[in-house]
Amino acid sequence: MARVLCACALVLVLVACGDDGSNAQPSGALTACMERPGELPRPPAGKLPCELIPPGLSLK
Amino acid sequence: MKRINLILGLAGIILFVGTNAQAHVSIASGPAFANVTQEVTFGVGHGCQGADTYRVQVEIPAGVSSIRPETSDFGQVDIETDAGGTVVAVTWTKADDAVLDADTQYYKLLLRMKAPDQPFSTLYFPVHQTCRAADGSETTVDWVGIDEPEGSMVEPAAKLFVLPQHFPGWNKFTVANAVDDLKGFFGDAQIVWAGNKAYSSNPTTKDLIAATSGASALTSLAAGDEIWVRY
């Protein structure tokens, strides 16, 4: 029983950590990194990276 | 012949001004924190017309306290105090046998001090630089100009930008005084935001600001502006 519970917990953790990119920018706005927890850090590509957007600012 | 003399004279003046402009004694340690004891470095870029710097006197502006000079690149340090015991000037002097035959060295002179609790202000430190040539003759250059107009012959005093204490990451401030010299105050910041306007001294980040939809360039700050600064 304990083994089954552990397996279920592991599956839940893996699902929670998964990132298909769909939760990156729900509104299409450029926001701070802390408002886009699913996005991986990347080099800037033609616009400011989220690391340089302050908390609470949304650029469209 | 008169015209040639005039041209030569003008060239001499330009050369003289250029030499002095390069010999700027300036703050080399970046902005200071308000109401915090810290080390401030004065950089002596050049001597005077080929002569080595022998002595540097720095006047301490009102409001600066807890002065503790360090021996730095020059051996001897002397302080001058007013009747109340407040340090009003610090002088670093080289030993006679340490003066070089030519102006070949960059010097750093250090001072531990506490800046006044006036963030977003600028402090001016008048400096008197004395040089000694190989033949023993001495020249003194006074770096005392404060907000001189363009083209002024008065050499500029060392300028220290005072900021609120900040930490790595995001910092939120309310600007106490209008700021025009963003590079002076925020040259070491990754980025500064006021609303959707941003400034960075990094040319790549500056280009990214221009390329980002919804963002525009920040060129100055007004008193009362709320800003985000990332270090």
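Data block above holds the structure.
The notes below deal with the structure included here. (Residues numbered from 1 in each chain as written. Chains lettered and ligands numbered in written order. Predicted model: local features only at pLDDT ≥ 70, side-chain atom pairs only at ≥ 80, totals over all residues. Heavy atoms only, no water.)

## Remarks on the overall build of chain A
Regarding its fold elements, chain A presents one helix and zero strands. Here chain A holds 60 residues, and 25% of them are scored as buried. Looking at chain A alone, contacts between residues at least 24 apart form 26% of all its contacts between residues at least 6 apart. A total accessible area of about 4300 Å² is found for chain A, and carbon and sulfur atoms account for 69% of it. (Helix = DSSP H or I, 4+ residues; strand = E, 2+ residues; numbered from the N terminus. Buried < 20%, exposed > 50% of the residue type's maximum accessible area, 1.4 Å probe, protein only. Contact = heavy atoms within 4.5 Å. Areas by Shrake-Rupley, 256 points an atom, 1.4 Å probe, with all protein chains shown as cover.)

## Examining the interface of chain B and chain A
Residue-level contacts link 16 residues of chain B with 14 residues of chain A. Interface of chain B and chain A: buried area, both sides summed, is about 1200 Å²; carbon and sulfur atoms make up 75% of it. Its largest share of buried area at the contact with chain A, chain B owes to Trp 170, Trp 193 and Leu 208 of chain B, together 40% of the area lost on that side. Put simply, chain B and chain A have zero salt bridges between them. On inspection of chain B and its partner chain A, the count reaches four residue pairs in polar contact (both at pLDDT 80 or more). (Buried area = accessible area lost by both parts, 1.4 Å probe. Salt bridge = Lys/Arg side-chain N within 4 Å of Asp/Glu carboxyl O. Polar contact = N/O pair within 3.5 Å; in protein donor to acceptor, adjacent residues only side chain to side chain.)

## Here we look at the sheet that holds strand E2 (residues 32–33) of chain B
Residues and elements named next belong to chain B. Spatially, three strands are ordered E2-E13-E9 in an open sheet, and the strand pairing comes out mixed. Either end of the sheet is taken by a strand with one partner, and the two such strands are E2 and strand E9 (121–125). Inspection of the sheet shows E9 paired to strand E13 (residues 158–163) by five bridges, in the antiparallel sense. From the neighbouring strand, Leu 123 faces E13, where its bridge partner is Leu 160. (Pairing = 2+ DSSP bridges.)

## Re the nonpolar core
Residue and element names in this part refer to chain B. Of all hydrophobic cores here, the largest spans 32 residues; its most connected members are Phe 42, Val 58, Ile 60, Ile 67, Met 113, Phe 125 and Leu 160. Among residues more than four places away in sequence, those in contact with Ile 60 are Ile 67, Val 87, Val 88, Ala 89, Val 90, Leu 111 and Phe 125. In terms of nonpolar packing, the next biggest core, distinct from the first, is built from 18 residues, Val 179, Phe 185, Phe 186 and Ile 227 among them. (Core = buried A, V, L, I, M, F, W, Y, C linked by side-chain atoms within 4.5 Å.)

Any functional reading would require information beyond the geometric quantities listed.
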